[in-house]
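The primary structure of each chain is shown beneath.
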Amino acid sequence: MTQQIILEIWTDGACKGNPGPGGWGVLMRYGPHEKELFGGEPLTTNNRMELMAVIEALSAVKRPVKIILHLDSNYVRDGITSWIHNWKRRGWRLKNGTPVKNADLWQKVDALVARFDIDWRWVKGHAGEPGNERADELANKGAAPFMQ
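Quick caveat: nothing in here was measured; it's all calculated off a predicted structure.

Re the side chain of Ser73
Logical step 1: For Ser73, the location among the structural elements is in the loop between strand 4 (66–71) and helix 2 (74–89).
Logical step 2: With a relative accessible area of 5%, Ser73 lands in the buried category.
Logical step 3: A distance of 3.0 Å separates the side chain of Ser73 from the backbone nitrogen of Val76, its partner in a polar contact.
Logical step 4: Not counting residues up to four positions away in its chain, the partners in contact with Ser73 are Glu50 and Trp122.

Given below as structure tokens:
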């Protein structure tokens with residue numbers, strides 16, 4: 001019996017001011033292979049950058065594979081594993097009728113997540129977990145060009 005290789009992904013977002021210049025970072029490991037991605041925006045929020053990291057990571061995966069996705073954002077983890085079901089049922093609105101913040105990005109995440117078997121794993125940020133620390137460095141690298 002062959003052992004299935006699992007794609008491990010670490011994502012993180014960073015924002016200097018909220019809103020302000022921000023970046024997202026992704027570290028991907030598949031067996032012996034490693035890939036890093038990062039980018040940013042001149043005016044954004046931390047939550048948007050956390051979502052962009054997940055979007056960019058999953059967009060880079062070109063075939064079905066089991067994924068363990070490590071992230072330090074409760075907002076993203078709780079949103080995709082719990083809150084999103086009611087948001088969609090209510091037409092992307094909260095219980096009080098106001099629109100869901102970042103609905104454009106949540107809809108992209110929702111479409112991408114449907115393609116994969118993902119184990120969402122929360123990790124404490126800035127606590128020395130190597131994958132998370134690298135994703136954080138990449139997120140800051142993504143924000144750097146907008147910090148002038």
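Quick notes on the packing of aromatic side chains
Logical step 1: Following the criterion strictly, the structure yields four aromatic pairs and no others.
Logical step 2: Where Trp87 meets Trp106, the ring centres are 5.1 Å apart and the plane angle is 65°; that geometry is what we call edge-to-face. With Trp87 in helix 2 and Trp106 in helix 3 (residues 103–113), this residue pair connects regions lying 19 residues apart in the sequence.
Logical step 3: Residue Trp87 is classed as buried on the basis of its relative accessible area of 6%.
Logical step 4: For Trp106, a relative accessible area of 0% translates into the label buried.
Logical step 5: Members of the aromatic cluster, connected to one another through ring pairs, are Tyr75, Trp83, Trp87 and Trp106.

Quick look at the sheet that holds strand 4
Logical step 1: Pairing within the open sheet is mixed, and its five strands lie in the order 3-2-1-4-5. Looking at which strands have only one partner, the edges of the open sheet turn out to be strand 3 (33–44) and strand 5 (117–122). Here the strands of the sheet are splayed against their neighbours by 20° on average, with no regard to which way each runs.
Logical step 2: With 10 bridges connecting them, strand 2 (residues 20–30) and strand 3 associate as antiparallel partners. The partner of Leu27 across the bridge, within strand 3, is Glu36.
Logical step 3: Helix-sheet contacts for helix 1 (residues 46–59) involve strand 1 (7–15), strand 2, strand 3, strand 4 and strand 5, and the interaxial angle to strand 1 is about 155°.

A short note on the nonpolar core
Logical step 1: Grouped together as the largest cluster of nonpolar side chains are 35 residues, with contacts concentrated most on Ile9, Leu58, Ile67, Leu69, Trp106 and Trp120.
Logical step 2: Sorting the residues of this core by element identifies strand 1, strand 2, helix 1, strand 4, helix 2, helix 3 and strand 5 as the ones contributing at least two each.
Logical step 3: Per-element accounting of this core gives the leading share, eight residues, to helix 1.
Logical step 4: Setting aside residues no more than four positions away along its own chain, Trp120 makes contact with Val54, Leu69, Leu71, Val76, Arg77, Ile80, Thr81 and Val113.

So, the layout of surface pockets
Logical step 1: Considering only enclosed or pocket space, the largest pocket measures out at about 260 Å³ in volume.
Logical step 2: Lining of the largest pocket is provided by Leu7, Met28, Arg29, Tyr30, His33, Glu34, Lys35, Ala60, Val61, Lys62, Arg63 and Val65.
Logical step 3: Sorting the residues of the lining of the largest pocket by element identifies strand 2 and strand 3 as the ones contributing at least two each.
Logical step 4: Of the residues belonging to the lining of the largest pocket, the class tally is six nonpolar, one polar and five charged.

Focus on unusual backbone geometry
Logical step 1: The peptide bond linking Asn18 to Pro19 adopts the cis configuration, its omega dihedral lying at 15°.
Logical step 2: In the Ramachandran plot, Trp92 falls in the positive-phi region, its phi being about 65° despite a non-glycine side chain.
Logical step 3: Examined against the element boundaries, Trp92 turns out to sit in the loop between helix 2 and helix 3.
Logical step 4: For Trp92, a relative accessible area of 17% gives the class buried.
Logical step 5: Non-glycine residue His126 carries a positive phi angle of around 55°.
Logical step 6: Within the secondary structure, His126 sits in the loop between strand 5 and helix 4 (130–143).

Quick notes on the rules
- Residues numbered from 1 in each chain as written.
- Predicted model: local features only at pLDDT ≥ 70, side-chain atom pairs only at ≥ 80, totals over all residues.
- Heavy atoms only, no water.
- Helix = DSSP H or I, 4+ residues; strand = E, 2+ residues; numbered from the N terminus.
- Buried < 20%, exposed > 50% of the residue type's maximum accessible area, 1.4 Å probe, protein only.
- Polar contact = N/O pair within 3.5 Å; in protein donor to acceptor, adjacent residues only side chain to side chain.
- Contact = heavy atoms within 4.5 Å.
- Phe/Tyr/Trp six-rings, centres within 6.5 Å; stacked < 30°, edge-to-face > 60°.
- Pairing = 2+ DSSP bridges.
- Axes fitted to C-alpha atoms, helices over the stretch in contact; angles between N-to-C directions.
- Core = buried A, V, L, I, M, F, W, Y, C linked by side-chain atoms within 4.5 Å.
- 1 Å grid on protein atoms, 1.4 Å probe; cavity = no way out; pocket = protein on both sides within 12 Å on 5 of 7 lines; lining within 4 Å.
- Points joined across faces, edges and corners; volume = space filled by probe spheres on them.
- Nonpolar A, V, L, I, M, F, W, Y, C, P; charged D, E, K, R; others polar.

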